[in-house]
Amino acid sequence: MGGSLNAVTPLDPGAAGPWPVVTRLTDLHDTRRARTLPLKLYLPEQRSPRGLILFSHGLGGSREGGSVWLRHWASHGFAALALQHPGSDRSILRKQSPLALRSAFKAAMNPEELTRRADDVHFVLGRIGRETALPDVVNAATAIGLAGHSFGAVTVQLLAGERRPNQPPKDLDPRVRAVIALSPSARHADSASGLAQRFGHVHLPFFGITGSRDDGMGLSDITAANRELPFRHMPADGSKYLLVFAGGNHLDFAGEASDAEGAVFTIRREPAVFRPQLLAASTAFWRAHLTADAAARQWLHSDFPAHLRPDDRFEHK
């Protein structure tokens, strides 16, 4: 993708970065909740990471979710950690038919499960810096980003400051500096004032990434247009972004779809033609907001749009 990004670095943010990536599996156990959380770490070799990114998978996913994005970000110098959420992970697969899987997905997509997911992230954040099961480069993180796909996007929306009924806000770890939501969502059924109240407290830098065919696939009333609502109703403070890829469907944003996701969301096209642009924009966003890289921010605002197709849309406010 080149262009004036050379003012930032000679590297193309949409191409693999210069650092080899090693992966590592581990588990963290939350004694208070009697809940074991599988993790997958992505670590750039022989480098002190620029920051740490935590990823929350969608319904039916696992710690393997988001691997395309996480491996890429790690190759550009960020440590990354994929978190698996018991109860809304691949355990709901259980060799069920596609119809039964849809029912299982719907049953798992509820406020109680969302609360458990948010508590999972809070728990992991609380362990970073003092957990022997995590490597030193993770424990040393002082700048953290949150990312998620689908139900994982809803999870990080909530952590970023979205206000939902019966889910009182919790203080977020001050090391969290920015959020990327792949396939974010809200509903048109909520009034504009209600949506403004829900999303008006999101003050962290926030990047919503979706596609014109990114609908709910019959699991809910979510449509592709709904995916834009969080951005529309967040404060215009200069740190909010929306990227809509023409033709992009739900699994294009998973980063690595599980068998359960593939069975339910049957439209599948990987790799998406716009994957390099997604990787470039997200990498520049992390650099801008986790490392205060002013040149990366300028590239994202001014130069990145020239790399999009005519029907793609990029906005910031």
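Our subject in this report is the structure included herewith. Owing to the predicted nature of the structure, the values given are computational and were not obtained by experimental measurement. (Residues numbered from 1 in each chain as written. Predicted model: local features only at pLDDT ≥ 70, side-chain atom pairs only at ≥ 80, totals over all residues. Heavy atoms only, no water.)

Things to note about the sheet that holds strand S8 (residues 240-249)
Phase 1: Pairing in this open sheet of nine strands is mixed, and the strands run S1-S2-S4-S3-S5-S6-S7-S8-S9 from one edge to the other. Each of the sheet's edge strands pairs with one partner strand only, and the pair in question is strand S1 (21-30) and strand S9 (313-316). Going from strand to strand, the sheet's axes swing by 20° on average, the running direction of each strand aside.
Phase 2: Contacts from helix H3 (residues 111-127) reach S1, strand S2 (35-44), strand S3 (52-56), strand S4 (79-83), strand S5 (144-149) and strand S6 (176-182), with the element oriented near 55° to S2. (Pairing = 2+ DSSP bridges. Helix = DSSP H or I, 4+ residues; strand = E, 2+ residues; numbered from the N terminus. Axes fitted to C-alpha atoms, helices over the stretch in contact; angles between N-to-C directions. Contact = heavy atoms within 4.5 Å.)

Focus on the packing of aromatic side chains
Phase 1: Taken as a whole, this structure holds eleven aromatic pairs when the rule is applied.
Phase 2: Measuring from ring centre to ring centre gives 5.5 Å for Phe207 and Tyr241, while their planes differ by 50°; the resulting arrangement is tilted. Of this pair, Phe207 sits in strand S7 (residues 206-213) while Tyr241 sits in strand S8, and the two are 34 residues apart along the sequence.
Phase 3: With a centroid separation of 5.6 Å and 20° between ring planes, the pair formed by Phe253 and Phe274 is classed as stacked. Placement of Phe253 in the loop between S8 and helix H8 (259-264) and of Phe274 in the loop between H8 and helix H9 (275-290) is noted, with a sequence separation of 21 residues between them.
Phase 4: The positively charged end of Lys317 is found above the aromatic ring belonging to Phe231, 4.7 Å away from the centroid. (Phe/Tyr/Trp six-rings, centres within 6.5 Å; stacked < 30°, edge-to-face > 60°. Lys NZ or Arg CZ within 6 Å of the ring centre and 35° of its normal.)

Examining the pairing of S2
Phase 1: Among the ten residues in S2, nine count as buried, and that is most of the element.
Phase 2: Sheet topology places S1 next to S2; ten bridges connect them, and they run antiparallel. Across the sheet, the residue bridging to Val22 is Leu43, located in S2.
Phase 3: Here S1 folds back onto S2 in antiparallel fashion, the turn holding four residues, of which Ala34 has a positive phi close to 50°.
Phase 4: Of the pairings in the sheet, the one linking S2 to S4 comprises four bridges and is antiparallel in character. Across the sheet, Lys40 pairs through a bridge with Ala82, a residue of S4. (Buried < 20%, exposed > 50% of the residue type's maximum accessible area, 1.4 Å probe, protein only.)

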